[in-house]
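Summary of structural features
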Amino acid sequence: MPTTVGPIGIFGGTFDPIHYGHLRLAEEIIETAKLTEVRFLPSGTPPHRTRPGADPQHRVAMARLAVEGNDRFSVDDRETRRTGPGYTYDTLTEVRKEVGMQRPIALLLGADAFLELATWHRWRGLFELAHIVVAYRPGFPIDTWQARMPEPLAHEYAARYMQQPLAVHLAPAGGIAAVSMTGLDISATFVRTAVHTGSSPRYLLPDAVLDYIRTHALYR
Ligand code: ATP
């Protein structure tokens, strides 16, 4: 069971459906930053996206199947139970209250999602609540990516950058770390399209998730 003291990873996404790109991101950041656990939080009605293909309860069920057997992974369905927009700021505020002020929290993001951060609701306030750990893939131009950030984000990045991902242990919140991860060019869009067109998405996601998709006739 996870301890109650080490850093917690919070990984939000549509997870429509969850696939090995998501699972591997969480696994690699757990290892690199030595997090105690990662909680996957499927979104309700995402503020930044068109409606997802599968209902929230299906996306939660698939995420639960995907994390089964990994003691350090769990699924938190709070965003799918919320009515109205599920802002990450509100979610992290709740989690912060639950875990107390001292325990480090790390919000996990893919590099593409991080570049959009300055469009999020109360994005600067996120740093009061958590660190951000960004995962980037091989070939990603990490040396020059600051130039691709909008100015306010580049400013926060420069001020908060932590060379060592392990630095998430040193404070409850406020830093930004970047971690390279094995590139897995998998997207939920590709999986949905494959199911829809009748081609096989097998080995891009856990078999249990694919079985669930078939049983519930999702993404047809
Ligand atoms: P879609 O194709 O529907 O847009 P997606 O596969 O990109 O979905 P999301 O649920 O939107 O998945 O992503 C949640 C988070 O996972 C984001 O931070 C995103 O950057 C990251 N992510 C998604 N796919 C990968 C992947 N293959 N490798 C690493 N990170 C990923």
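Source: prediction; values computed, not measured.

1. Focus on the nonpolar core
Counting 39 residues, the largest nonpolar core has Ile29, Leu35, Val38, Phe40 and Leu108 as the members making the most contacts within it. No other element matches helix 1 (residues 20-33), which puts six residues into this core. If we skip the residues at most four places from it in the chain, Phe40 touches Phe11, Phe15, Ile18, His22, Leu23, Ala26, Val67, Phe73, Ser74, Val75 and Asp76. Core analysis: the next-biggest nonpolar cluster, separate from the first, contains 29 residues, Leu92, Val95, Phe127 and Ile176 among them.

2. Examining the sheet that holds strand 5 (residues 131-136)
Reading across from one edge, 3-2-1-4-5-6 is the order of the six strands in this open sheet, with parallel pairing throughout. Because the sheet does not close on itself, it has two edges, and the strands there are strand 3 (73-75) and strand 6 (176-180). With direction set aside, neighbouring strand axes in the sheet form an average angle of 25°. The pairing of strand 1 (residues 8-13) with strand 2 (residues 37-42) spans six bridges and is classified as parallel. Bridge pairing links Phe11 to Phe40 in strand 2. Most of the contacts of helix 2 (residues 56-67) go to strand 3, to which it runs at about 165°, and overall it touches strand 2 and strand 3. Taken strand by strand, helix 4 (residues 88-99) contacts strand 1, strand 2 and strand 4 (105-110), and its axis lies near 150° from that of strand 4.

3. Re helix 1
Spanning 14 residues, helix 1 covers 19 Å between terminal C-alpha atoms, matching the ideal 20 Å at 1.5 Å per step. Listing the buried residues of helix 1 in full gives Gly21, His22, Leu23, Leu25, Ala26, Glu28, Ile29, Ile30 and Ala33. Lys34 sits one or two positions beyond helix 1 and adopts a positive phi of about 50°.

4. With respect to the site of the ligand
The local shell around the ligand holds 22 residues, among which Asp112, Leu184, Ile186, Ala188 and Thr189 are the closest. Between the ligand and Ile186, the relevant distance is 2.8 Å, taken from a nitrogen atom to a main-chain nitrogen or oxygen of the residue. Notes on the ligand: free accessible area 610 Å², of which the protein chains cover 88%. Elements supplying a minimum of two residues to the shell around the ligand: strand 1, helix 1, strand 4, helix 5 (111-115) and helix 8 (188-197).

Thresholds applied
Residues numbered from 1 in each chain as written. Predicted model: local features only at pLDDT ≥ 70, side-chain atom pairs only at ≥ 80, totals over all residues. Heavy atoms only, no water. Core = buried A, V, L, I, M, F, W, Y, C linked by side-chain atoms within 4.5 Å. Buried < 20%, exposed > 50% of the residue type's maximum accessible area, 1.4 Å probe, protein only. Helix = DSSP H or I, 4+ residues; strand = E, 2+ residues; numbered from the N terminus. Contact = heavy atoms within 4.5 Å. Pairing = 2+ DSSP bridges. Axes fitted to C-alpha atoms, helices over the stretch in contact; angles between N-to-C directions. Expected span 1.5 Å × (residues − 1). Near = heavy atom within 4 Å. Polar contact = N/O pair within 3.5 Å; in protein donor to acceptor, adjacent residues only side chain to side chain. Areas by Shrake-Rupley, 256 points an atom, 1.4 Å probe, with all protein chains shown as cover.

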